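Topology and contacts: notes
Spelled out from the first residue to the last, the chains are:
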Number of protein chains: 2
Amino acid sequence: MQNPEIEFFWDAASPYTYLASTQIEALAQRVGAGLRWRPFLLGKVFEAAGNKMPASVPAKGQYLFKDLQLWAKYYGVPFKFPKQFPINSLLAQRCGCAADAMGRGVEFAKAVMRAYWVDGTDISQPEVVRHVADATGLDGAALIEAAGQPPAKDALRANTEEAVRRGAFGAPTFFVGERMFWGNDRLPLMEATLAGRLAA
Amino acid sequence: MQNPEIEFFWDAASPYTYLASTQIEALAQRVGAGLRWRPFLLGKVFEAAGNKMPASVPAKGQYLFKDLQLWAKYYGVPFKFPKQFPINSLLAQRCGCAADAMGRGVEFAKAVMRAYWVDGTDISQPEVVRHVADATGLDGAALIEAAGQPPAKDALRANTEEAVRRGAFGAPTFFVGERMFWGNDRLPLMEATLAGRLAA
């Protein structure tokens, strides 16, 4: 039997996506699954699905602010809520697609999420993203240039439309075949499913 | 040091509350915490917090329908999505308060959630709730009668207002002191907190 694959739709603007990104590789290893990181644009997903940012309900926003800190402690990973929030992630996600095309999508994804959710830099700015890419061993200037070209722009649009067509309405969104899992908090369910512990 | 107490705000209309209710007693035991079941009215919480049912986003509703089944498998508990959904839980929750006053709130809470989320009965109907209460060893007719009187009605209103004032915007909602945990999916975080594994 072929190993299953986890598709991980990520957007650097989403804090729960950052949290999940710190866990997903170990999870995939534990269950012997492949892992494919796919950039998408959460703002467009919200728009298409008629969904809103969780923080649009004030009491929820206040709760989630504390909840995120708790998850970071639970996982033992660094986390600092950035001053600049929410953020426009269009450039970061297009760069994600350009990095994918260069075979460096995963490194870039991790670096840009860390730059925002740990270091608090403004990843909507080209000079910030260029620096992040350079520090990861990519050619940052070339990446920013590629992000503005049709292949990267089209790839991001296609990934986003595909995720919505398959049922996505938020982030992070995972697929195992056509089984969708939404949210950092669904990692245990995805793992149990992949480990065969939830047979029908 | 005094044992901590978990306050569990429940509404029988909420499927994730039912799921959490199947786990919360074992969790409290594992961490040596007390447990206090408190009926509240989710519809009023949504109204006060400016929140909406998750299913008001269609793609989310479709996902959650499958998600619920998966959690039930994960926990190994019975679950059947009822034909009658959403449901008006005002009577059930007032009966919850009346049962509380009789010292039988927990038994009633479990029975009425099971009647709805396992057996699929229409718990908005007095004769159904009376039958559920009778089967639990309560006097169902007396309970329905008490549910219509000021003490039960006022208690439900007070519990609901208190939960909102303390930050609630959905269900299930748990408090450990003034630390709030929202959702069945936050049980692991609450347990880790109570077990002292998330020290600041």
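In what follows, the structure referred to is the one given above.
Now for a look at the structure at hand. Note that this is a predicted model, so its numbers are computed, not measured.

1. Some thoughts on the overall build of chain A
Assigned secondary structure in chain A consists of 10 helices and 4 strands. Counting from the amino terminus, helix and strand elements in chain A follow one another as β-α-α-β-α-α-α-α-α-α-α-β-β-α. Expected size for 200 residues packed as a compact globule is a radius of gyration near 16 Å; at 16 Å, chain A falls within 12% of this value. Each of the three principal axes of chain A carries a C-alpha extent, and together these read 50 × 45 × 35 Å.

2. Here we look at the pairing of strand E3 (residues 173–176) of chain B
All names here are of chain B. Judged by which residues are buried, E3 turns out to be covered on both faces: Thr-173 and Phe-175 on one side and Phe-174 and Val-176 on the other are all buried. Where strand E1 (residues 5–10) and E3 come together, 4 bridges link them in antiparallel fashion. Bridging from a neighbouring strand, Phe-9 pairs with Thr-173 of E3. Bridge count for E3 against strand E4 (residues 179–182) is 4 bridges, and the pairing is antiparallel. The residue bridging Phe-174 from the neighbouring strand is Phe-181, located in E4. The antiparallel pairing of E3 with E4 creates a hairpin that spans 2 residues between the two strands, and Gly-177 there sits at a positive phi of about 60°.

3. A look at helix H7 (residues 126–135) of chain A
All names here are of chain A. Here H7 has its buried residues at Val-129, Val-132 and Ala-133. Along H7, the residues classed as buried sweep out an arc of 95° about the axis, all on the same side. Turned more than 90 degrees away from the buried face of H7 sit His-131 and Ala-135, all of them exposed. In this structure, the buried side of H7 is in contact with helix H5 (90–101), helix H6 (105–117) and helix H8 (140–147).

4. Some words on the interface of chain A and chain B
Note on interface size: it is often stated as the accessible area lost on association of the parts. Facing 29 residues of chain A, the contacting portion of chain B comprises 29 residues. At the boundary of chain A with chain B, total buried surface from both sides reaches about 2,600 Å², with 67% on carbon and sulfur atoms. As a salt-bridge pair, Asp-185 of chain A and Arg-186 of chain B come within 2.7 Å of each other at their nearest N and O atoms. At the junction of chain A with chain B, the criterion picks out 6 residue pairs in polar contact (both at pLDDT 80 or more). Examining the composition of the side of chain A that touches chain B, we find that 9 residues originate from one element, helix H4 (residues 58–75) of chain A, more than from any other. Grouping the constituent residues of the side of chain A that touches chain B by class yields 19 nonpolar, 4 polar and 6 charged.

5. Notes on the relation of the copies chain A and chain B
Put simply, the second copy of the chain is the first one after a rotation about an axis and a shift along it. When chain A is fitted to chain B, the residual RMSD is 0.0 Å, and the transformation amounts to a turn of 180° plus an axial shift of 0.0 Å. The symmetry that links the two subunits is that of a two-fold axis. Considering only C-alpha atoms, the part of chain A nearest the rotation axis is Asp-185 of chain A, at 3.1 Å. A shared binding surface is used by both copies, with 100% of the interface residues of chain A retained as interface residues in chain B.

6. A word on the sheet that holds E4 of chain B
All names here are of chain B. The strand order across the open sheet formed by 4 strands is E2-E1-E3-E4, and the pairing between neighbours is mixed. In the strand order of this sheet, the two ends are held by strand E2 (34–39) and E4, each with one partner. Here the strands of the sheet are splayed against their neighbours by 20° on average, with no regard to which way each runs. The pairing of E1 with E2 spans 6 bridges and is classified as parallel.

7. Here we look at the sheet that holds strand E4 (residues 179–182) of chain A
All names here are of chain A. Spatial ordering of the open sheet is given by E2-E1-E3-E4, a layout of 4 strands whose pairing is mixed. The outermost strands of the open sheet, each flanked by one partner alone, are strand E2 (34–39) and E4. Adjacent strand axes in the sheet meet at a mean angle of 20° when their direction is disregarded.

8. Details of the packing of aromatic side chains
Residues and elements named next belong to chain B. In total, this model carries 36 aromatic pairs over all chains according to the counting rule given. Taking 5.0 Å as the distance between ring centres and 15° as the angle between the ring planes, the aromatic pair formed by Phe-8 and Phe-174 counts as stacked. Placement of the pair is Phe-8 in strand E1 and Phe-174 in strand E3, with a sequence separation of 166 residues. Exposure class is identical for Phe-8 and Phe-174. Each is buried.

9. Overview of the state of the cysteines
Residues and elements named next belong to chain A. Here the structure, examined in full by the defined rule, presents 0 disulfides over all chains. For the unlinked cysteine Cys-97, the closest cysteine sulfur is that of Cys-95, found at 9.4 Å. Judged by relative accessible area, which is 5%, Cys-97 ranks as buried.

10. Focus on the packing of helix H2 (residues 24–31) of chain A against helix H10 (residues 187–194) of chain A
When two helices pack together, their arrangement is given by the angle between their axes and by how far apart the axes lie. Residues and elements named next belong to chain A. Where H2 meets H10, the axes come as close as 9 Å, and the angle between the chain directions of the two elements is 20°. Relative to H10, the element H2 is oriented roughly parallel. In this structure, H2 meets H10 at a crossing whose hand is right-handed. On the side of H2, the interface is formed by Ile-24, Leu-27, Arg-30 and Val-31, while H10 contributes Leu-187, Met-190, Glu-191 and Leu-194. When the residues that make up the contact of H2 with H10 are grouped by side-chain class, the tally is 6 nonpolar, no polar and 2 charged.

11. Some thoughts on the packing of helix H5 (residues 90–101) of chain B against helix H9 (residues 150–165) of chain B
Residues and elements named next belong to chain B. Across the interface, H5 lies against H9 with an axial gap of 8 Å and an inter-helix angle of 100°. Taken together, H5 and H9 sit at an angle that is classed as roughly perpendicular. Taken together, the residues of H9 that come into contact with H5 (itself represented by Leu-90, Gln-93, Arg-94, Cys-97 and Ala-98) are Ala-152, Lys-153, Ala-155, Leu-156 and Asn-159. When the residues that make up the contact of H5 with H9 are grouped by side-chain class, the tally is 6 nonpolar, 2 polar and 2 charged.

Thresholds applied
Residues numbered from 1 in each chain as written. Chains lettered and ligands numbered in written order. Predicted model: local features only at pLDDT ≥ 70, side-chain atom pairs only at ≥ 80, totals over all residues. Heavy atoms only, no water. Helix = DSSP H or I, 4+ residues; strand = E, 2+ residues; numbered from the N terminus. Rg over C-alpha atoms; globule rule 2.2 N^0.38 Å. Buried < 20%, exposed > 50% of the residue type's maximum accessible area, 1.4 Å probe, protein only. Pairing = 2+ DSSP bridges. Arc of directions from axis to C-beta. Contact = heavy atoms within 4.5 Å. Buried area = accessible area lost by both parts, 1.4 Å probe. Salt bridge = Lys/Arg side-chain N within 4 Å of Asp/Glu carboxyl O. Polar contact = N/O pair within 3.5 Å; in protein donor to acceptor, adjacent residues only side chain to side chain. Nonpolar A, V, L, I, M, F, W, Y, C, P; charged D, E, K, R; others polar. Least-squares fit on C-alpha atoms with pLDDT ≥ 70 in both. Axes fitted to C-alpha atoms, helices over the stretch in contact; angles between N-to-C directions. Phe/Tyr/Trp six-rings, centres within 6.5 Å; stacked < 30°, edge-to-face > 60°. Disulfide = S-S within 2.5 Å. Parallel < 35°, antiparallel > 145°, perpendicular 65-115°, else oblique. Left-handed = near helix turned anticlockwise from the far one by under 90°.

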